[in-house]
Amino acid sequence: PLRQFPKIQPEILAKLEEKRMDLDKLSDMSAAEIGSLVGHPRMGAVLLQHVHEFPYLDVAATVQPITRTVLRVTLTITARFEWNDRVSGGMEPWWIWVEDAENEHIYHSEYFLLDKKKKDEPHTLSFTIPIFEPLPSQYFVHTISDRWLGAENMTEISFKHLILPHQHPPHTELLDLQPLPLAALHNKDFEALFRFTHFNPIQTQVFHTMYHTDCNVLLGAPTGSGKTIGAELAMFKLFRDYPKLKVVYVGPLKALVRERMKDWSVRLAQKLGKKV
């Protein structure tokens, strides 16, 4: 790797290669020891400086299973070299990829630019990759410089203690509850927005969480089962408890969004005085 520094004479490099001295060994030595090793005392400090300036990234990887087939990988990247503008300029480009060495598949790759201004800060990269059963013993994260030969790092991602989610997560049991009447809202304005007298079984079961707590909710149910009214319960709680805050509705289709806009422009805007 030190052959990429033009100030080092070929005969000095030849002595280092003859003695099989790599960057790790040289970094543990003093300038005087390196100078003595190559038979050129004045070059010891120059060689040691270049060793410390040679780009190197320290990479730590953590993994979190999202499902049994999708894994989130978070890389914490830290620069472990002394920045010299004459050597590295303003940027150091790197390639990072994740591979399965057993079947030679690359599951993720990206181009990473290390900025001189942020060289002392740890950088975080987060992405998802597939996993397959039976689980491989490990994946590898390769970090390779786009400019420097020999500037590379390989980090192991071990699956030895990885615990995957259940294969078929059970659905929440629909309880045999007495349907709640609209009066449970305890708000005449809210009650007047509906044409029915009682909430259905799904709405009854989620009513307390939606209308009386600030808990996050993922509600999955068939089409036409009343999920939108369940969401409206959470909106009513916000109108009641946090009247200055806003509600954001995100729909998968423009047609669905237009349908909600048309409905809420009457029920929420005209009847409740809310801006839609």
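As a starting point, this report considers the structure included with it. (Residues numbered from 1 in each chain as written. Predicted model: local features only at pLDDT ≥ 70, side-chain atom pairs only at ≥ 80, totals over all residues. Heavy atoms only, no water.)

Here we look at helix α3 (residues 31-38)
Listed as buried for α3 are I34, G35 and V38. An end-on view of α3 places all buried positions within 100 degrees of arc, on one side of the element. Exposed and oriented more than 90 degrees from the buried face of α3 are A32 and S36. For α3, the secondary structure elements touched by its buried residues are α1 (10-18), α2 (23-27) and α4 (43-53). Following α3 by one or two positions, G39 has its phi on the positive side, about 70 degrees. (Buried < 20%, exposed > 50% of the residue type's maximum accessible area, 1.4 Å probe, protein only. Helix = DSSP H or I, 4+ residues; strand = E, 2+ residues; numbered from the N terminus. Arc of directions from axis to C-beta. Contact = heavy atoms within 4.5 Å.)

Considering the packing of aromatic side chains
Going through the model one piece at a time under the given rule, you end up with 17 aromatic pairs. Between the aromatic rings of F236 and F239, the centroid separation amounts to 6.3 Å while the plane-to-plane angle is 45 degrees, which identifies the pairing as tilted. Taken together, the residues span about one helical turn, with F236 and F239 both in helix α8 (residues 227-241) at a distance of 3 residues. Against the face of Y211 rests R240, its NZ or CZ located 4.5 Å from the ring centre. In this structure, R260 packs its charged tip against the face of W264, placed 5.2 Å from the ring centre. (Phe/Tyr/Trp six-rings, centres within 6.5 Å; stacked < 30°, edge-to-face > 60°. Lys NZ or Arg CZ within 6 Å of the ring centre and 35° of its normal.)

Side note on the nonpolar core
Counting 44 residues, the largest nonpolar core has L2 and L75 as the members making the most contacts within it. Here this core takes 5 residues from strand β2 (residues 70-79), the largest share from any one element. If near-sequence neighbours (up to four positions away) are discounted, L2 is found in contact with I8, L13, L16, L23, L26, H50 and V51. One finds L185, F194, F199 and F239 within the second-largest nonpolar core, a separate group that totals 19 residues. (Core = buried A, V, L, I, M, F, W, Y, C linked by side-chain atoms within 4.5 Å.)

Here we look at the pattern of salt bridges
This model, assessed by the stated rule, comprises 14 salt bridges. For R267, the salt bridge goes to E232, with nearest N and O atoms at 2.8 Å. Of the two residues, R267 sits in helix α9 (residues 254-272) while E232 sits in helix α8, which places them 35 residues apart along the sequence. The same class applies to R267 and to E232, which are both buried. One salt bridge connects D263 with R267, and the closest N-O pair in it is separated by 2.9 Å. One end of the pair is D263 and the other is R267, both in helix α9 and 4 residues apart, which spans about a single turn. Residue D263 is classed as partly exposed on the basis of its relative accessible area, which comes to 24%. (Salt bridge = Lys/Arg side-chain N within 4 Å of Asp/Glu carboxyl O.)

Some remarks on the pairing of strand β5 (residues 123-130)
Residues H123, L125, F127 and I129 point to one face of β5 and are all buried, whereas T124, S126, T128 and P130, pointing to the other face, are not buried. In this structure, β2 lies alongside β5, joined through 8 bridges in antiparallel fashion. When the sheet's bridge partners are listed, L75 is paired in β5 with L125. (Pairing = 2+ DSSP bridges.)

Digging into the pairing of strand β4 (residues 105-115)
Successive side chains on a regular strand alternate, one facing one side of the sheet and the next facing the other. In terms of strand pairing, strand β3 (residues 91-100) meets β4 through 10 bridges, oriented antiparallel. In the sheet register, I96 faces β4, and the bridge partner there is E110.

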